[in-house]
Structure formats: structure tokens, C-alpha cells
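Residues per chain, in single letters:
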Amino acid sequence: MIVLGGVTLLVLAAHLTAMARADMPPSRKRIRTANGLLMMFLTPVIAYAFSVASPGEPRQFVSAFAVVIGGLGLVVILAVLDGFNNVRLYRVQRRQTGREMALAMARERALRRDQRAGSTGDA
């Protein structure tokens, strides 16, 4: 389990490094970075809880699993916040695209109107 935890830490570190260079909205990057760092913190704790902590030492066993459960709860909360943020970003982008399309259509109508007015005036 310790080796698997080490591999998981490497994967999480690579993911965070790639995400730092990615082109994404800052709010999305902040939430996902926080979640990645939290998961990097939790990975060794989970490895400890499942491979080292023993029910024979109840205080350490319960403490390790309490940290794991609390941390996983925080990971889920950050994932839900990320989902809400994605919906918010989608709505903003949709509104902006709608405005741009309405402006483009208005320009197109004005251009057609000007072309019609110009062609009737030349005859």
C-alpha cells in the first residue's frame, strides 16, 4: 500500500504541474489546485491508515481514519464547489455568446439594409 501511495503522489504532482500550465479560468484552477493539494496531503495518511495503523493501537487507528474520512469529505465538498463553479462559468459564457451572436446578427441586418438602400438609389 505504501508503494501505491507513492505512485499516487507522483501522479497527483504531475497532474498539478500540468494543470498549472493549462489555460483555464482562474477560479477553476484555484479550486482544482486546492483539491489536488488536499489529495496529496491525504495520500500518505490513507496509506498509513490502511497499512501501518493497527486496531491494536486504537488511538492511532481511529485518529488516522478520522483524518481520512474528514479529508475525503473536504475533497467531495471541493468537487461539488467545482461543479457549481463550472455551471456558473457555463452560464457566463452562454450569456456572452448570446450577446455576441445578437450583435453579429444586428450588423448583418444593417449591412443588408445598407446594401438594399444603395442598390435602389443607384438605379
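Before any of the text, the structure's been laid out above.
Predicted model, so just to flag it, every value in this text is computed and none were measured. (Residues numbered from 1 in each chain as written. Predicted model: local features only at pLDDT ≥ 70, side-chain atom pairs only at ≥ 80, totals over all residues. Heavy atoms only, no water.)

Student: Just to check I follow, could you spell out the nonpolar core for this structure?
Tutor: If you look at soluble globular proteins, the nonpolar side chains tend to sit buried side by side. Listed in full, the 5 residues of the largest apolar core are Val45, Ala49, Ala53, Ala64 and Val68. For this core, the secondary-structure elements that each account for two or more residues are helix H2 (26-51) and helix H3 (58-122). Excluding its chain neighbours within four sequence positions, the residues that come into contact with Ala53 are Tyr48, Phe61 and Ala64. (Core = buried A, V, L, I, M, F, W, Y, C linked by side-chain atoms within 4.5 Å. Buried < 20%, exposed > 50% of the residue type's maximum accessible area, 1.4 Å probe, protein only. Helix = DSSP H or I, 4+ residues; strand = E, 2+ residues; numbered from the N terminus. Contact = heavy atoms within 4.5 Å.)

Student: Whenever I open this one, H2 confuses me. Can you help?
Tutor: Since one α-helical turn is 3.6 residues long, residues separated by three or four positions face the same way. Taking 1.5 Å of rise per residue, the 26 residues of H2 would be expected to cover 38 Å, and the 37 Å separating its terminal C-alpha atoms lies within 8% of that figure. The largest bend in H2 comes to about 25°, at Leu42, with the proline Pro44 one to four residues further on. (Expected span 1.5 Å × (residues − 1). Bend = angle between axes of the 7 residues up to and from the residue.)

Student: When you look at the environment of Ala34 in this model, what are you seeing that I'm missing?
Tutor: Note that Ala34 resides in helix H2. Sequence-wise, Ala34 and Val45 are 11 residues apart; in three dimensions their C-alpha atoms are separated by 17 Å.

Student: Please explain the side chain of Asp82 as it appears in this structure.
Tutor: By the element assignment, Asp82 lies in helix H3. A relative accessible area of 12% means that Asp82 is categorised as buried. When residues no more than four places from it in sequence are discounted, the contact partners of Asp82 are Arg28, Ile31 and Arg32.

Student: It is not clear to me how the environment of Ala20 should be interpreted in this structure. Could you clarify?
Tutor: If you trace the backbone, Ala20 turns up in helix H1 (residues 2-21). The class of Ala20 is exposed, set by a relative accessible area of 53%. On a C-alpha basis, the gap between Ala20 and Pro55 in space is 40 Å, while along the polypeptide they are 35 residues apart.

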